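The residues making up each chain are set out below.
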Amino acid sequence: MRGLLAATMKGSIISVCCFVSLLLLQATAEEEEDFTSVLRDKSHIEETLRFATEEKAADYAAAVQRLRKIYHSSIKPMEQAYKYNELRQHEISDGEITSKPMVLFLGPWSVGKSSMINYLLGLNDSPYQLYTGAEPTTSEFTVIMHGEKIRSVEGIVMAADSSRSFSPLEKFGQNFLEKLIGIEMPHKLLERVTFVDTPGIIENRKQQERGYPFNDVCQWFIDRADLIFVVFDPTKLDVGLELEMLFRQLKGRESQIRIILNKADNLATQDLMRVYGALFWSLAPLINVTEPPRVYVSSFWPYDYAPDTSRDLFKREEISLLEDLNQVIENRMENKIAFIRQHGIRVRIHGLLVDRYVQTFKEKMSFFSDPELVFKEIVDDPDKFYIFKSILAKTNVSKFDLPNRDAYRDFFGINAITNFKPLSSQCSYIGGCLLDKIEKAITNELPALLSSINSGKQPGLSSCEATGCGEKPKNRYRKN
């Protein structure tokens, strides 16, 4: 009888404890629901990004077409004649010239990259929001772009569409294209910019398990991004091998990098200062520049900041980041012109170097010479024949712009030197000389287009470009 009574009392106590625990859990859940149900005011996003401002679409379209014409008529011919794409593997398509600025989100897993995109585009609690969670959730490269209606686009379709700028991604294989997805939706911000969400970096996973060259794909997007957000949160500041490799790939793009310390309202002010210092301590060995990238500290999600945190600071930081994004959008045409001009300079240097290799080969060849041995000597020791030094002496090329010499050993291993003609023979009466055309584009046409954009004038054709002027091409490399 006593045993039965004790068992009954024990069961009652357990039931009471379970009931109390359920009440506590329900109260905690209600408190969290009350906290997260308080949405933040988002009016500053539209004001800062100037959604209501009407853009001069006609002027922008005219400038893009002018830039496209300069590239196809003045830069691409030399690019094709000397197979520049096989040296740098960076082919510029029409889709890349006409594309919108690209904002790339990088960082460890579950730091809030997808949540930040949802917040900026107002996708929270909609059927089309990017999936988020405490575990690694994004395994695809997701491209969010403008469209007339909301729909998803498979990676295979994106790569096959030549009007887009993603067709070169086919070279990374079908396994990657299955991990690439596009989302189109009508949104004012997406009319002027494209977002790219990337898989989070997981340090304890081997790269080969992804099934595609992750670092190479990241490099492709990094090379084309106008703004790169590297996102961290206070609990994921450790730098592992994969994150270290990522920052090596970002070298040279420091002006586009912005560091974001997200979820900052989870910490008290004093703890936030410690985390901010720890973040700089972790990243200092990886970013070896005089001026470090800008670091934004805030919480990018739609709910109100946690109580007793630096609300005013977080709001100002968020507005600063939006102004930074807006600056990139407003300067998109200038950045595109600068990018094409930089590309043209590299193509010109490549053409001059190949021409110099060709000239040296012809000078050293005799009737009894072995062509393979002669050229092997030239390509193995270009300094002996002043290949690079002659370019610096005869042109205004900077020594810092010269490519790696070893790259030409691989380049000529694939392309025989006899396949290339010297610059002196790359002229025609109608088309002009390749070198003169690319130099004119670099020194005159592209700077003039940039000036017309800054002055607000309609970019147009000069009188000689419209009529041809009938001038006989001058060839500075032809011997008189």
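Residues numbered from 1 in each chain as written. Predicted model: local features only at pLDDT ≥ 70, side-chain atom pairs only at ≥ 80, totals over all residues. Heavy atoms only, no water.

S.K.: Explain the overall build of the protein chain here, please?
M.R.: Helix and strand counts for the protein chain stand at 18 helices and 10 strands. Nonlocal contacts in the protein chain, meaning residues at least 24 apart in sequence, comprise 80% of its contacts between residues at least 6 apart. Accessible surface, the protein chain: about 26000 Å² in total, of which carbon and sulfur atoms supply 53%. (Helix = DSSP H or I, 4+ residues; strand = E, 2+ residues; numbered from the N terminus. Contact = heavy atoms within 4.5 Å. Areas by Shrake-Rupley, 256 points an atom, 1.4 Å probe, with all protein chains shown as cover.)

S.K.: Can you walk me through the sheet that holds strand β5 (residues 194-197) in this structure?
M.R.: Note: strands within a sheet are paired through backbone hydrogen bonds, in either parallel or antiparallel orientation. Sheet architecture is open: 8 strands sit in the order β3-β4-β2-β5-β1-β6-β7-β8, paired in mixed fashion. Pairing within the sheet leaves two strands with one partner each, and these edge strands are β3 (151-154) and β8 (294-297). Neighbouring strand axes in the sheet, compared pairwise and without regard to direction, differ in orientation by 20 degrees on average. Here β3 pairs with strand β4 (residues 180-185) via 4 bridges, running antiparallel. Across the sheet, the residue bridging to E154 is I181, located in β4. Packing against the sheet, helix α6 (residues 113-121) makes contact with β1 (102-106), β2 (141-146), β4, β5, β6 (227-232) and β7 (257-261), and its axis sits at approximately 155 degrees to β5. Strand contacts of helix α12 (residues 311-330): β1, β5, β6, β7 and β8, with the helix running at about 135 degrees to β8, the strand carrying the most contacts. (Pairing = 2+ DSSP bridges. Axes fitted to C-alpha atoms, helices over the stretch in contact; angles between N-to-C directions.)

S.K.: Is there a simple way to think about helix α14 (residues 371-380) in this case?
M.R.: Two residues of an α-helix separated by three or four positions point the same way, owing to the 3.6 residues in each turn. Those residues of α14 lying buried are V374, F375, I378 and V379. In a view along the axis of α14, the buried residues occupy a sector of 125 degrees, so they form one face of it. Exposed positions of α14 whose direction lies more than 90 degrees from the buried face are E372 and L373. Among the residues of α14, the N-terminal cap falls to D370, whose side-chain oxygen and the backbone nitrogen of E372 are separated by 3.1 Å. (Buried < 20%, exposed > 50% of the residue type's maximum accessible area, 1.4 Å probe, protein only. Arc of directions from axis to C-beta. Polar contact = N/O pair within 3.5 Å; in protein donor to acceptor, adjacent residues only side chain to side chain.)

S.K.: How should α12 be read in this particular structure?
M.R.: Its 20 residues give α12 an end-to-end C-alpha distance of 29 Å, which sits within 8% of 28 Å, the value for a rise of 1.5 Å per residue. Listed as buried for α12 are F314, E317, E318, L321, L322, D324, L325, N326, V328 and I329. (Expected span 1.5 Å × (residues − 1).)

S.K.: Even after reading the chapter, I still don't get the pattern of salt bridges, so can you show me in this structure?
M.R.: Pairing is possible between side chains that carry opposite charge, provided their charged atoms lie close to one another. Taken as a whole, this structure holds 18 salt bridges when the rule is applied. Here D161 and R164 are joined by a salt bridge, their closest N and O atoms 3.2 Å apart. Of the charged contacts in the structure, one is a salt bridge between R274 and D271, with a shortest N-O distance of 2.9 Å. Residue R274 and its partner D271 are both found in helix α11 (residues 269-283); the two are separated by 3 residues, about one turn of the helix. Look at the salt bridges and you will find they share partners, linking R151, D161, R164 and E184 into a network. (Salt bridge = Lys/Arg side-chain N within 4 Å of Asp/Glu carboxyl O.)

S.K.: Got a minute to help me understand unusual backbone geometry in this structure?
M.R.: Among all residues save glycine, negative phi is the norm, and among peptide bonds the norm is trans. Of note in the backbone geometry, K263 takes a positive phi value of approximately 55 degrees without being a glycine. Looking at the secondary structure, you find K263 in the loop between β7 and α11. With a relative accessible area of 26%, K263 lands in the partly exposed category. Positive phi is not limited to glycine here, since D308 has a value of about 60 degrees. Looking at the secondary structure, you find D308 in the loop between β8 and α12.

S.K.: It is not clear to me how the side chain of H343 should be interpreted in this structure. Could you clarify?
M.R.: Secondary-structure assignment places H343 in helix α13 (residues 332-364). Within the structure, H343 has its side chain in polar contact with the side chain of E79 (distance 3.0 Å). Filtering out sequence-adjacent residues up to four positions away, H343 remains in contact with Y71, I75, E79, Y84, H90 and I92.

S.K.: Any chance you could explain the packing of α14 against helix α16 (residues 405-414) here in plain terms?
M.R.: Geometrically, a packed helix pair is captured by the angle between its two axes and the distance between the axes. Direction vectors running N to C along α14 and α16 enclose 155 degrees, while the axes themselves pass 9 Å from each other. By the angle between their directions, the pair α14 and α16 is classed as roughly antiparallel. For the pair α14 and α16, the contacting residues are F375, V379 and D380 in the first and Y408, R409 and F412 in the second. (Parallel < 35°, antiparallel > 145°, perpendicular 65-115°, else oblique.)

S.K.: I tried to follow the pairing of β6 on my own but got confused; where do I start?
M.R.: Note on strand geometry: in a regular strand, side chains alternate between the two faces of the sheet. With 6 of 6 residues buried, β6 is to be regarded as a mostly interior element. A two-sided burial pattern is seen for β6, the buried positions comprising L227, F229 and V231 on one face and I228, V230 and F232 on the other. Bridge count for β1 against β6 is 4 bridges, and the pairing is parallel. By the bridge assignment, F105 is partnered in β6 with F229. Note: β6 against β7, 5 bridges, orientation parallel. Across the sheet, V230 pairs through a bridge with I259, a residue of β7. In this region the chain leaves β6, passes through helix α10 (residues 241-249) and returns to the parallel neighbour β7; the handedness of that crossover is right-handed. (Right-handed = clockwise from strand over helix to strand, strands pointing away.)

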